[in-house]
Amino acid sequence: MGGDYGPTVVVPAALRALQDNPNLHCILVGDSEILKALLQTQKNSVMDRITLHHASQKVEMDELPSQALRNKKDSSMRVAINLVKEGKAHACVSAGNTGALMATARYVLKTIPGVDRPAICTALPTIKGHSYVLDLGANIDCTAEHLFQFAVMGSVLVSAVDNRARATVGLLNIGEEEMKGNEQVKEAARLLAGSDLHYVGFVEGNDIYEGTVDVVVCDGFVGNVALKASEGVASMIKHFMHLEFKRNIFTKFAALVAMPVLNALRKRVDTRRYNGASLVGLNGIVIKSHGGADAFAFSVAIKQAAIEVQKDVPQRISEQVQAFLGEGRCA
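Residues numbered from 1 in each chain as written. Predicted model: local features only at pLDDT ≥ 70, side-chain atom pairs only at ≥ 80, totals over all residues. Heavy atoms only, no water.

**Q** Which residues make up the overall build of the protein chain, and what are the values?
**A** Across its full length, the protein chain carries twelve helices and ten strands. Radius of gyration (C-alpha) of the protein chain: 21 Å, near the 20 Å computed for a compact globule of 331 residues. Dimensions along the principal axes, computed over C-alpha positions, put the protein chain at roughly 60 × 60 × 35 Å. Residue burial in the protein chain is summarised as follows: out of 331 residues, 47% are buried. (Helix = DSSP H or I, 4+ residues; strand = E, 2+ residues; numbered from the N terminus. Rg over C-alpha atoms; globule rule 2.2 N^0.38 Å. Buried < 20%, exposed > 50% of the residue type's maximum accessible area, 1.4 Å probe, protein only.)

What follows is the structure in structure tokens.
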């Protein structure tokens, strides 16, 4: 029921994902009367793979996580995560309040043994394809050990989802030189350099989109600022291009001629194709969709959840963390 558009996006997104994946079953959690009304407008062969589960409450987008956790025990968000905890669902996908989703998921599902804090991880488009960045806002203040744990979890996620035998890991910093960065980053670099992870060293902000490494590790403050700054730059470029192409009759004609190239560019950098951030480190799979996602973008988040279920990502993270714990790391 959360996000900017609620079930008016979630329902068609679920139908789209079901059409693309014959092995998928969706449980729609929320106000059953609203969901029934929306489904009645759909005539689709996948309807037999949809189940409705009523929830009487909704977490508002501006609601404090503590209030949602304490007062919204029958919210669509809480009920959906409970279904994962009870084994009635393999994963939860939500476009709702990020803070409430993380707090509720951590409270209900708990973290994997050896993981102090779950992190938000998502793929971003790059020159070479895409890279994964974590943390993107769940943890503002991090120790070197936390950053090391993020690197382990991100490496496992990429190896599982993208079938990469050994993902490359970089630590986001203000320079590539060893003497740069704060003490947490420097200590995290020492931990990573002494580990079995494929750590390549410090990377800078521009490396994220150049695809220098498979996994970019940072604390949630830095990661969220980098993400939002990137979104702002993309929006500004789109705005300026729109203004320039509409300037006069000649630029309008140029826009018409350039349309095939512009459409190809739009498709390549379409952020909807990368919707769905993983809350890694939990004893269960929870995917956070962008609050303003449309049906296509939300269906991508559902597909991301299905892939993580198939690859058993939490179990693989747990095994890797336990291996590092045995070596005296991740602690």
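From this point, the narrative continues.
**Q** Which residues make up the side chain of Lys186, and what values do they have?
**A** Structurally, Lys186 is set in helix α7 (residues 183–193). Of the polar contacts made by the side chain of Lys186, one reaches the backbone oxygen of Met179; its length is 3.0 Å. (Polar contact = N/O pair within 3.5 Å; in protein donor to acceptor, adjacent residues only side chain to side chain.)

**Q** So what about the pattern of salt bridges? Which residues, and what values?
**A** Side-chain pairs of opposite charge can arise where the charged atoms are in close proximity. Applying the stated rule across the entire model yields ten salt bridges. The shortest N-O distance in the salt bridge between Glu183 and Lys186 comes to 3.9 Å. Of this pair, Glu183 and Lys186 both sit in helix α7, three residues apart, roughly one helical turn. Each member of the salt-bridge network shares a partner with another, and the members are Asp162, Arg164 and Asp214. (Salt bridge = Lys/Arg side-chain N within 4 Å of Asp/Glu carboxyl O.)

**Q** Got a sec to walk through the nonpolar core? Specific residues and values, please.
**A** Leu134, Phe150, Leu171, Val217, Val280 and Ile317 are the most contacted members of the largest nonpolar core, which has 38 residues in total. At twelve residues, helix α6 (residues 144–161) tops the list of elements feeding residues into this core. Once residues within four sequence positions are removed from consideration, Leu171 is found in contact with Val185, Ala188, Ala189, Leu192, Tyr199, Gly201, Phe202, Val203 and Val217. (Core = buried A, V, L, I, M, F, W, Y, C linked by side-chain atoms within 4.5 Å. Contact = heavy atoms within 4.5 Å.)

**Q** Talk me through the state of the cysteines; I want residue IDs and the actual numbers.
**A** Within this structure, the stated rule accounts for zero disulfides. No disulfide involves Cys121; its nearest neighbouring cysteine sulfur is the one of Cys218, lying 9.8 Å away. Among the residues examined, Cys218 registers a relative accessible area of 4% and is labelled buried. (Disulfide = S-S within 2.5 Å.)

**Q** Tell me what's going on with the pairing of strand β1 (residues 26–30), and back it up with residues and numbers.
**A** Across the five residues that make up β1, a large majority, four, are buried. Relative to strand β2 (residues 50–54), β1 runs parallel, the two being bridged by five bridges. Its bridge partner lying in β2, Val29 is registered against His53. Following the backbone out of β1, through helix α2 (residues 32–40) and into the adjacent parallel β2, one traces a crossover that is right-handed. (Pairing = 2+ DSSP bridges. Right-handed = clockwise from strand over helix to strand, strands pointing away.)

**Q** Describe helix α9 (residues 220–245), with residues and values.
**A** Taking 1.5 Å per residue as the helical rise, α9 with its 26 residues ought to reach 38 Å, and the 38 Å between its terminal C-alpha atoms agrees with that figure. Of all the residues in α9, the buried ones are Gly220, Gly223 and Leu227. Buried residues along α9 sit against β4 (119–126). At the N-terminal boundary of α9, the capping side chain belongs to Asp219, with an oxygen 3.0 Å from the backbone nitrogen of Phe221. (Expected span 1.5 Å × (residues − 1).)

**Q** Help me get a handle on the sheet that holds β4, residues and values and all.
**A** Within the open sheet, the eight strands sit side by side as β3-β10-β9-β4-β5-β8-β6-β7. Their pairing is mixed. Taken across any chain shown, the strands that pair with only one partner, and hence form the sheet edges, are β3 (91–94) and β7 (198–203). For this sheet, the mean angle separating the axes of adjacent strands, direction not counted, is 25 degrees. Pairing analysis gives two bridges linking strand β9 (residues 277–280) to strand β10 (residues 285–288), with the strands arranged antiparallel. Bridge pairing links Ser278 to Ile287 in β10. (Axes fitted to C-alpha atoms, helices over the stretch in contact; angles between N-to-C directions.)

**Q** Kindly report on the side chain of Ser289, identifying the contributing residues and their values.
**A** Inspection of the secondary structure assignment puts Ser289 in the loop between β10 and α11 (295–311). For Ser289, a relative accessible area of 0% corresponds to the buried category. At 3.0 Å, the side chain of Ser289 and the side chain of Asn275 are in polar contact. Beyond its immediate chain neighbours, meaning those up to four positions away, Ser289 contacts Ser94, Ala95, Asn275, Phe298 and Ala301.

**Q** Requested: an account of the packing of aromatic side chains, with residues and values cited.
**A** Scanning the model with the defined rule gives zero aromatic pairs in all. Stacked on the ring of Tyr107, the Lys or Arg Lys110 has its end atom at 5.2 Å from the ring centre. (Phe/Tyr/Trp six-rings, centres within 6.5 Å; stacked < 30°, edge-to-face > 60°. Lys NZ or Arg CZ within 6 Å of the ring centre and 35° of its normal.)

**Q** Please provide a residue-by-residue account of α6, values included.
**A** Counted at 1.5 Å a residue, the expected span for α6 with its 18 residues is 26 Å, and the 26 Å between its end C-alpha atoms agrees. With 17 of 18 residues buried, α6 is to be regarded as a mostly interior element. Once α6 ends, the next one or two residues include Asn163, with phi positive near 55 degrees.

**Q** Tell me what's going on with the pairing of strand β6 (residues 168–172), and back it up with residues and numbers.
**A** Side-chain direction in a regular strand flips from residue to residue, so the side chains alternate between the two faces of the sheet. The element β6 is largely enclosed, with a buried count of five among its five residues. Where burial is concerned, the two faces of β6 agree: the one with Thr168, Gly170 and Leu172 and the one with Val169 and Leu171 are both buried. As paired elements, β6 and β7 share five bridges and run parallel to each other. Along β7, the bridge assignment pairs Gly170 with Gly201. Bridge count between β6 and strand β8 (residues 215–217): three bridges; the pairing is parallel. The residue bridging Gly170 from the neighbouring strand is Val216, located in β8.

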